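Each chain, written out:
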Amino acid sequence: MQLGLITFGSLLPDPLTGKTLTQRQRLRDVVRAAAEAEDAGFAWYTVGEHHFGERDVISSPAPVLAAIAEHTSTIRLATGTTLVANRDPVLVAEDYALVDLLSDGRLELIAGASSSPSRTRCSASPPSRRRRASGRTRSC
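Residues numbered from 1 in each chain as written. Predicted model: local features only at pLDDT ≥ 70, side-chain atom pairs only at ≥ 80, totals over all residues. Heavy atoms only, no water.

Visitor: Explanation requested: helix H3 (residues 89-102) in the structure shown.
Guide: Side chains of residues three or four places apart in an α-helix project in the same direction, reflecting 3.6 residues per turn. Helix length check: H3 (14 residues) gives 20 Å between terminal C-alpha atoms against 20 Å at 1.5 Å per residue, within 8%. Buried within H3 we find Val92, Tyr96 and Val99. Down the axis, H3 shows its buried residues gathered within 45° of arc, on one side only. Opposite the buried face of H3, by more than 90 degrees, sit the exposed residues Val90, Leu98 and Leu101. Against the buried residues of H3 lie helix H2 (61-71), strand E3 (76-83) and strand E4 (107-112). Of the residues that open H3, the one with a side-chain oxygen 2.8 Å from the backbone nitrogen of Val90 is Asp88. Looking one or two residues past H3, Asp104 carries a phi angle of roughly 60°, positive in sign. (Helix = DSSP H or I, 4+ residues; strand = E, 2+ residues; numbered from the N terminus. Expected span 1.5 Å × (residues − 1). Buried < 20%, exposed > 50% of the residue type's maximum accessible area, 1.4 Å probe, protein only. Arc of directions from axis to C-beta. Contact = heavy atoms within 4.5 Å. Polar contact = N/O pair within 3.5 Å; in protein donor to acceptor, adjacent residues only side chain to side chain.)

If you want it as structure tokens, here you go:
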């Protein structure tokens, strides 16, 4: 059995100290944790994507995964659900192709759409091309 970890870069207080990291500190902590996960024998490390949140700091996993690739050598790197509808799909493909090159082929891209209307309200796709469970669209 292979085990892995997932992070959204949450800015939650440390349960022992109560201290909250800055966004920059948390992003560096995500990269450090990936290297430690590799050292501990984990098979994969996933970086999730969240938008418009107050506690999650990773709205673009590609640069974070590229930083992780530079500090690791064997652990598989994965995206959480990459919200392709929020971006130009060609740029998504190019960005993650570069991460795959930097990681020597260790990237696994998971693509999909958000089920949360608040996460898709600002999107590169016109509203007519977006599907929502509610059937409604929103403007920014």
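Visitor: Looking at this structure, how should I read a nonpolar patch on the surface?
Guide: A cluster of nonpolar side chains, namely Ile6, Phe8 and Trp44, defines an oily patch on the protein surface of about 270 Å² accessible area. You can see Ile6 is positioned in strand E1 (residues 4-7). (Patch = residues over 30% accessible without salt bridge, like charges linked within 9 Å, V, L, I, M, F, W, Y side chains within 5 Å. Areas by Shrake-Rupley, 256 points an atom, 1.4 Å probe, with all protein chains shown as cover. Salt bridge = Lys/Arg side-chain N within 4 Å of Asp/Glu carboxyl O.)

Visitor: How should the pattern of salt bridges be read in this particular structure?
Guide: Charged atoms that come close allow side chains of opposite charge to pair. Scanning the model with the defined rule gives five salt bridges in all. For the salt bridge of Arg26 with Asp29, the shortest nitrogen-to-oxygen distance reads 2.6 Å. Residue Arg26 and its partner Asp29 are both found in helix H1 (residues 23-39); the two are separated by three residues, about one turn of the helix. The partner of Arg87 in a salt bridge is Glu49, and the shortest N-O contact between them spans 3.6 Å. Linking Arg87 in the loop between E3 and H3 with Glu49 in the loop between strand E2 (44-47) and H2, this pair joins segments that are 38 residues apart in sequence. Counted as one network, the salt bridges with shared partners bring together Arg26, Asp29, Arg32 and Glu36.

Visitor: What's the story with the environment of Gly9 in this structure? I'm lost.
Guide: Residue position: Gly9 is located in the loop between E1 and H1. By relative accessible area, which is 0% here, Gly9 ends up buried. Residues Gly9 and Ile58 lie 49 residues apart in sequence; the distance between their C-alpha atoms is 6.0 Å. Those residues in contact with Gly9, other than ones at most four positions away along the chain, are Arg26, Val30, Arg55, Asp56, Val57 and Ile58.

Visitor: How should I be thinking about unusual backbone geometry in this particular structure?
Guide: Glycine aside, the phi torsion of most residues is negative, and most peptide linkages are trans. The residue Asp104 is not glycine, and still its phi comes out positive at about 60°. Given the relative accessible area of 70%, Asp104 is considered exposed.

Visitor: Would you mind showing me how to read the nonpolar core here?
Guide: For soluble globular proteins, nonpolar side chains are generally found buried alongside one another. Tyr45, Val47, Leu65, Ile68 and Leu77 are the most contacted members of the largest nonpolar core, which totals 21 residues. Put simply, the parts of the chain that give this core at least two residues each are H1, E2, H2 and H3. If you tally residues by element for this core, the top one is H2, at six residues. With residues up to four places along the chain from it excluded, the contact list for Val47 reads Thr7, Ile58, Pro61, Val64, Leu65, Ile68, Ala78, Thr79 and Gly80. (Core = buried A, V, L, I, M, F, W, Y, C linked by side-chain atoms within 4.5 Å.)

Nothing here speaks to function; it is all geometry.
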